[in-house]
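What follows is each chain in one-letter form.
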Amino acid sequence: MSEQSSLRAFDVKEATGDLGNHHVDAEGLKRALRALGGGVSIITAGEGETRSGATVTSATALSIDPPRMIVTLNRSASTLPVVERYGHFCVNVAGPDHETLANQFAGRGGLKGAERYLGAEWTRLMSGAPVLEDAAAAIDCEVEEVIERHSHAIVLGRVVGIRYGNRGSLVYRGGQYYALGG
C-alpha cells in the first residue's frame, strides 16, 4: 500500500444525519450514554434503619492487584453520606430477576433508605455492608477514598470479601433492563 493510500484510510469524514454535532449538555450526554449497556449493581451501605443504597451502572474494578473497586454516587442522594459514615459499601451485581429491586434502589416507587431493602434477603460479609443473598456476585468493600467532583463522588473501595452466585446478570441500556443468561 502506498503512503498516500494509507493516509486516505484514515481520512475523517464530516458527520451527517443524527451523528452530527449536538449541543453538549446533561440531556445530550444522557442520550449518548444510553447507547452503552451497563451492568446493573445495587450499592448498599449502613445498618438497621440507617441503611441506604442506590442502583448504578458505574461500578467496576479499579485494580485487580491490589483488589479495588470504583463506584460513582450522586452527591445529592442519600447513599453517599451513609457510605462515608460507615466506611463501607457492597457492590451487589443484580441477577436477571432483580429488576424490581433495582427499580426500588433507583428510587422508583418512592421508597427511601431502609425501605428499599424490603422484599429481599440480606446478609453481611467482612465490612458489615448489607449483601444481597441471591446476588449474581457480591463485592464487599471498605472505603479507601472519596473524591468529590461536580455532581458525583468517586468512591474507591478496598475489596475485603467476595461472594459468587451461580446465575446471569442484569444489564441496563436505552432505558430498559436486559437479562443475560448464566
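Draft legend 1. Region of interest: the sheet that holds strand β12 (residues 176-180). Strand order in the open sheet made by the 3 strands is β1-β11-β12, with antiparallel pairing throughout. Edge strands, defined here as strands with exactly one partner in the open sheet, are β1 (38-39) and β12.

Draft legend 2. Region of the structure containing the pattern of salt bridges. Applying the stated criterion to the full structure yields 7 salt bridges. With its nearest N and O atoms 2.2 Å apart, the salt bridge here joins D97 to R167. Residue D97 is located in the loop between β6 (88-93) and α4 (99-105), and its partner R167 is located in the loop between β10 (152-164) and β11 (169-173); the two are separated by 70 residues in the primary sequence. D97 sits in the exposed class, given a relative accessible area of 54%. The closest approach of N and O atoms between R167 and D134, which form a salt bridge, is 3.6 Å. Remark: D134 occurs in the loop between β8 (130-132) and β9 (137-149) and R167 occurs in the loop between β10 and β11; sequence separation between them is 33 residues. Through salt bridges with shared partners, a single network forms among D97, D134 and R167.

Draft legend 3. Spotlight on the packing of aromatic side chains. Counted according to the given criterion, the structure contains 4 aromatic pairs. Ring geometry for F105 and W122: centres 5.9 Å apart, planes at 55 degrees, overall tilted. Of the two residues, F105 is situated in helix α4 and W122 in strand β7 (residues 122-124); the sequence distance between them amounts to 17 residues. Residue F105 shares its accessibility class with W122, and that shared class is buried. Its guanidinium or amino end placed over the ring of Y117, R51 lies 4.4 Å from that ring's centre, counting from NZ or CZ.

Draft legend 4. Here's a closer look at the sheet that holds β10. Read from one edge to the other, the open sheet built from 7 strands follows the order β3-β2-β6-β9-β10-β5-β4, with strand pairing classed as antiparallel. Looking at which strands have only one partner, the edges of the open sheet turn out to be β3 (52-56) and β4 (60-63). The mean inter-strand angle of the sheet, taken between neighbouring strand axes irrespective of direction, is 35 degrees. In this structure, strand β5 (residues 68-74) lies alongside β10, joined through 7 bridges in antiparallel fashion. Residue pairing for β10: M69 is matched across the bridge by G157.

Draft legend 5. Spatial organisation of the environment of G39. Within the fold, G39 resides in strand β1. Sequence separation between G39 and L180 is 141 residues; the distance between their C-alpha atoms is 9.8 Å.

What counts, and where the lines are drawn
- Residues numbered from 1 in each chain as written.
- Predicted model: local features only at pLDDT ≥ 70, side-chain atom pairs only at ≥ 80, totals over all residues.
- Heavy atoms only, no water.
- Pairing = 2+ DSSP bridges.
- Helix = DSSP H or I, 4+ residues; strand = E, 2+ residues; numbered from the N terminus.
- Salt bridge = Lys/Arg side-chain N within 4 Å of Asp/Glu carboxyl O.
- Buried < 20%, exposed > 50% of the residue type's maximum accessible area, 1.4 Å probe, protein only.
- Phe/Tyr/Trp six-rings, centres within 6.5 Å; stacked < 30°, edge-to-face > 60°.
- Lys NZ or Arg CZ within 6 Å of the ring centre and 35° of its normal.
- Axes fitted to C-alpha atoms, helices over the stretch in contact; angles between N-to-C directions.

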